[in-house]
Structure formats: C-alpha cells, structure tokens
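# An overview of the molecular structure
Below are the chains, spelled out letter by letter.
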There are 2 protein chains.
Amino acid sequence: MPELARSRRLRATPFTDLVEAEGVKAYSVYNHMLLPAVFRSLEEDYHHLKRAVQLWDVSCERQVEICGPDAAELIQWLTPRETSRMKVGRCLYAPMIDQTGGMLNDPVILKLQEGRYWLSIADSDVLLWVRGLALGKGLDVDVWEPDISPLAIQGPLADEVVARVFGVDPTDLRFFRFQMVEYAKRSLVLARSGYSRQGGFELYCPGGAFAPMIWQAIMEAGRDLDIRAGCPNAIERIEGGLLSYGNDMTREDTPLECGLGAYCDAAGPYIGQAALARERQEGSKRGIRSLAISGAPLAPCGERPWTLFTKQGCEAGHITSAAFSPDFGVNVALGMVARECWEAGTMLEVRTPAGIRDAAVREGPFLSS
Amino acid sequence: MPELARSRRLRATPFTDLVEAEGVKAYSVYNHMLLPAVFRSLEEDYHHLKRAVQLWDVSCERQVEICGPDAAELIQWLTPRETSRMKVGRCLYAPMIDQTGGMLNDPVILKLQEGRYWLSIADSDVLLWVRGLALGKGLDVDVWEPDISPLAIQGPLADEVVARVFGVDPTDLRFFRFQMVEYAKRSLVLARSGYSRQGGFELYCPGGAFAPMIWQAIMEAGRDLDIRAGCPNAIERIEGGLLSYGNDMTREDTPLECGLGAYCDAAGPYIGQAALARERQEGSKRGIRSLAISGAPLAPCGERPWTLFTKQGCEAGHITSAAFSPDFGVNVALGMVARECWEAGTMLEVRTPAGIRDAAVREGPFLSS
C-alpha cells in the first residue's frame, strides 16, 4: 500500500509525536491535518474501543470561532437547525448547506458565550465559507481558527478516566452539554460527545506545551483500565450509523436525503431554505440507509462507492462505507438508496470488488448508543 | 512509515488505477483528492524529470468555474493581480488573500470566454470562499466545480509528445497561454504551464471514460522517449523556487512576504487592498528566500518547519521545505526569513532533525526555467 508523503501542508497536531510513539499504522488527512486511522488493526482497535477506553487525537476537528454583534444572525443563516433558543453550554449538531441544499459540512456548534460560538467542523474549509459570507454581507463578526486541538476519550470506561483526571463527577454532564474543567490552572471545554456509540467525551485542548501534558495525564490515569491510543473506528461507526462527511454525504446530497430532517427545523432565514422547502413538498428521491451485505468478509469500501442494483438490474444507489463487523458477523454498510427501494427489508444487489453480493436494507443502524 | 487509510473522502481521480499500475509508492492528499508523490524514488523521479518527459496526474488541481454577468467584477475582487486587461486564452497566476492580506490560495486563472473563468486552485476550498462572497454580496454568478481533471506533461521532451498526440506545433504556444486541442472529437484546453522548471503543458481533461483513454494515448506516444508516470518533484521544485501553498505560504503570510509583489498590481477594489497598502508603506517584516543548508544529505523537511537562528542565537524565521539536491550537491531549501537577515549571503543556523547546520541565504532560486 502507498505511504503518505509528509509535508507541512498536512499539518502535524500537538499530539503527533505521542501518536507515533503509540505505533500509529495508518493516517487519514482531515482538514489539512493528520488523523490517525489504525493503531493495531481495524479489528483489534474495534474490540478494544467497545471493551475499555481510548484516547483519540482528533485535533483535525478544527474550530471556527465566530464572535461579534452579528454572530447569532450569522450562525442561523449558516444552518437549517434552529439556533435561536440555544443556551450557553450546549452543543448542537448542525447540517450546513448551500443554496441548492447540498451539504457543505456538518459541524457541532458550541455556544461559549452570548455572541461567541465555535463550529467544530468536519472535513471542508468552513473558515473560508463563513468568512466569505460575512465579508460579502458586511456582517460585524470576527471569524478565525483558534489554536484548539480536541482529544476524544471514548469507550465504556471513559467516565472513570475523566473523573480521575479532572476530579469531577461526569455523570452530571448530559449528552451534548459541555462544562469547563480545570487542569494545571488552564480552563478547558469538556463535552459529552464524540464520534462513537460507546459513550465518552471531547476535550478542547489549547495547543503548545500544554497539549502533550494533558495527553500523558489521561494515559497515566487510565493505565489500569487498559487505556490505549485510538481513533474513530470505521467498523464501529458504520455499525452505529454515524455518517461521515465526504464519505457518506457530499455537496451532491441534501440533509433530508442524509436522514437529517429532524435537524432542519429552523424558521429561518437560512441558506438553502427554499431548496429544502421544495424537497419537503416533492419528497426526497433517495435516502441514506444502513445495509447488511451477505457473504465472506469484505475489505473496507475505499475511494469508490459500490453501485447498488435492484434484483431486476436497475441502478438503485451506492454504498459509500462498508466493513466486516466481527460482532454482527456480517458486512455492515451505509449507502444512498433510491426511494423506490429504500423500505426496510428490501433485497438489493451490490457490485463489490469481490463480486456481486446481496444487500439488505435495514430499518436503522446495527448499533445505537 | 504509516500508510494512507483510503476512503471516498480522499477522492480517487480518473487516473488512479493507471497511477497504481505504474507503481506509485506514496501519495499526498490535495483538495480532498489523491496526489501521487513518489514513483521509483524521489531522486530517481527527479533525474528522469530533468532528462526525459513525465505524465502527471494532477487532477487535484481542481477547477472553480465562475461565470455570469458579475464574473469579471468578482474575479478582480478575489485577487491583488490586475485582471481587467486579461484576454481570452491567457493564464494568470493570481495570489488570493483575505482582508488581513493572508494568503488563502494561489490559483492560475484561465479566461475561457468573456464572463467565464476557471480558477485552477492550490490546496484550499476556494469553492466555498468564492460562493460565500458571491452569495453574501448578491452577485449574479454561478460558481461550481466542473468535472475537469488536469494532466501535466513535463520535462524537456514534452513538446515532442504533445506534437505527436495532438498533431499541433506547440512551439507557437507561449508560456501561460492556452489553446484548444482536439482528441477523439473532444475539445480540450492545453496550456503551456506546470509545476516544474523543466517546461511542459497542462491538459484539462474531462472525467469519465475519456480520461484513461487520453492517458494511454500520451503514454503510447512517448514510449520511445522514455515517458513515465511522474508527479511534482519536491527536490526539483525547491531548486526552482516554486512555492507550495500550505507548505511555504499559509494564511499567516502575505503575498509581499512570499515574494509575489509583482503579482499585486491591481488598481482594485480587491479584498486585502488596505492591508497590502499598509505593508508596502511600512515594508515587509520577512520574506521567502532560497537557502543552501550545509552538511550531509538531509531527509526532506516534513510537517514541522525547522527554526532558523542568527549566529548570535536570535530567531530568524523557519525553513518550510528542504531536500538534498543531487545536481547541486547541497541541501536546497525554502524558508521565511526575517528582514534583518534576508540579504543574500547572510549565514544563518538551522535546527534540523539531524542537528544544527549552517544555512546560507541566496540571491534567488538554484534553478530557473
């Protein structure tokens, strides 16, 4: 397999040396930054994540800070999600779309103060989009990328690790809420959130010398819990139906097609409002579904989606993410499926690199949190 | 060395299968797309590029098309480069900056027709920046990413290959001009341009089944000229002083600091105009220079810039790209150097992973075209 050619353009994180010392075997690149993808093996990482606790370098979840008198107006313009009643200390998953309804990103919004927000972004340059809009419209806001590098603490033992490191009882912290915690006289945002179904936290670390210190403190606190360096796991997130921007959703897809209709509840005005109203009236032509692919374990779906067909041989969509699940004993998958065949139980065929297989449309994900 | 984890988010190109068949050994990721970085070895690729001719998959140079009644006004707003006198058939290298003067990208603009342009972009989501500006300002333009995947034909024998494939005499085509050529009844943009100092062309290929066909035709036509699959070569481009966005210039750097003052000649209005005027008045505080680093061959500079110091131990900037040059017998480098020590001939010190070395500031690049 080809290596990753290293250069400054694919930014290191404050944790890259630590991640390499833990034996990272593969990287992805996300927001122009290194994102670990495999440590021991996809399967071994998967079993460990479900059993114990992992520390993830997700620095590539860059923050776009928006602050100023027009911040609230701009935030609402950016998303179909209703943001007007958002309270300080809340996280909000917010699809971000263009005028045609196409997905541009799916950040989590954190409201830090009145008039001050972070967008914790997926893999596209939201900084440029938001700055362009603000400059074009003449809005009174500052938009920038602060030096914040999130760590995720994920897995069933995550609560225990967080309690030990920060001396707080995290059971009080509800899902998608955040609180400030102290470490070495620094105040940090700690949110109950993360890109797995195993539970856990995201810790928004300032860069510089502080970052490796907190990494080591967390690893030390979790040693007897078998904490390991880890990363978002492709198998687990497909089982859990967690969509990945750029993989399962692109600019070609709308949030309604992506099953994110519940997050499109804003009164507006917001960008793409007319397009979504039209799609709601006409009905979506396709939608993302979880699917089970039959037969022997498949290598994960790579750059190229696998085409879906009906049993009559008509094109029916495509699989965008797939991997063999040891726990479910089946190839788990996510894909965009045409309306005509998106009902749960529909049997389709899929053209994989290992030949034609059966693919069964499911009611929902294999796993929920 | 860690592998690159493959997924749809790191897009394949129409040429990826062909590139893999040619034995690509390393990839970079550029505009969310695979960019080959090494075939045989950095050194072997380098010698071959200077001697023969190579075909490069630079599909990751994505095009952002801007068309409509307000296109010319928007194009000028996007860059400090004067664009008003641009003729159809011309390419224009155009720094793109924000309000503070920070570099956002350095595309080549191609004027296809009156009111219709391509930006052939470096590694940032210019599509989002331009769409944001246009939407915010209410400009009457369409902005989109067409299905165009450039190939580069680079090296001293590139003219001969192009003459054979397209039946044209390319000596008539001047640097940074383009013409339409025909292949298999398709009309293609062929420009005399490319990211090397060895001369050659960029061919803007439509995607789909046509793309592999033209690849194979070019490889076939160049067989007796020892044509090979290749890619932008780190050693050659550092020798030639070709800057790389994300490596040598970032949002932290202005075009004046990057030595691009000659391309900042617009009357305006354009974004960042006041910031550049201020910098011109006060003088830049630092500038990009070519440097020669003493001692044994160094491994290429990776994610982390190498800090420069004066002989008195004061910080003097940083090296952002470096590699050992077989032809010059020295470690060639590019870096941002403080005004106090940017004169040619200044001897600095640089902290490399192999220890402290001497670094001499040069008058210009090692190599010119």
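Residues numbered from 1 in each chain as written. Chains lettered and ligands numbered in written order. Predicted model: local features only at pLDDT ≥ 70, side-chain atom pairs only at ≥ 80, totals over all residues. Heavy atoms only, no water.

### Describing the sheet that holds strand S11 (residues 142-144) of chain B
All names here are of chain B.
- On the basis of which strands lie adjacent, the open sheet formed by five strands has the order S6-S9-S10-S5-S11 and antiparallel pairing. Two strands in the sheet have a free side with no partner beyond their single neighbour: strand S6 (91-93) and S11. Pairs of neighbouring strands in the sheet enclose a mean axial angle of 20°, with direction left out of account.
- Each of strand S5 (63-67), strand S10 (116-120) and S11 is contacted by helix H4 (residues 126-137), which is oriented at about 165° to S11, the strand it contacts most. (Pairing = 2+ DSSP bridges. Helix = DSSP H or I, 4+ residues; strand = E, 2+ residues; numbered from the N terminus. Axes fitted to C-alpha atoms, helices over the stretch in contact; angles between N-to-C directions. Contact = heavy atoms within 4.5 Å.)

### Digging into the nonpolar core
- Core analysis: the biggest nonpolar cluster contains 74 residues, and Ile214(A), Ile218(A), Ile214(B) and Ile218(B) have the highest contact counts within it.
- In contact with Ile214(B), other than residues within four places in its own chain, are Leu151(B), Val165(B), Phe166(B), Tyr183(B), Leu188(B), Leu203(B) and Cys205(B). (Core = buried A, V, L, I, M, F, W, Y, C linked by side-chain atoms within 4.5 Å. Buried < 20%, exposed > 50% of the residue type's maximum accessible area, 1.4 Å probe, protein only.)

### Section: the pairing of strand S9 (residues 108-113) of chain B
Residue and element names in this part refer to chain B.
- Of all six residues in S9, five are buried; the element is thus mostly enclosed.
- Where S6 lies against S9, three bridges are found, and the strand directions are antiparallel. Directly across from Leu92, in S9, lies its bridge partner Ile109.
- Relative to S10, S9 is paired through five bridges, and the arrangement is antiparallel. Residue pairing across strands places Leu110 opposite Trp118, the latter belonging to S10.
- In sequence, S9 turns back onto S10 through a hairpin of two residues, with Gly115 there showing a positive phi of about 75°.

### Some points on helix H6 (residues 210-221) of chain A
- Between its first and last C-alpha atoms H6(A) spans 17 Å; for 12 residues at 1.5 Å apiece the expected length is 16 Å, and the two agree.
- Of all the positions in H6(A), only Phe210(A), Ala211(A), Ile214(A), Trp215(A), Ala217(A), Ile218(A), Met219(A) and Ala221(A) are classed as buried. (Expected span 1.5 Å × (residues − 1).)

### Observations concerning the sheet that holds strand S21 (residues 347-352) of chain B
Residue and element names in this part refer to chain B.
- Strand order in the closed barrel formed by six strands is S17-S20-S19-S18-S21-S22, with antiparallel pairing between adjacent strands. Direction aside, neighbouring strands of the sheet carry axes that sit 40° apart on average.
- Of the pairings in the sheet, the one linking strand S17 (residues 286-293) to strand S20 (residues 330-338) comprises eight bridges and is antiparallel in character. Looking at S20, one finds that Ser290 is bridged to Leu334.

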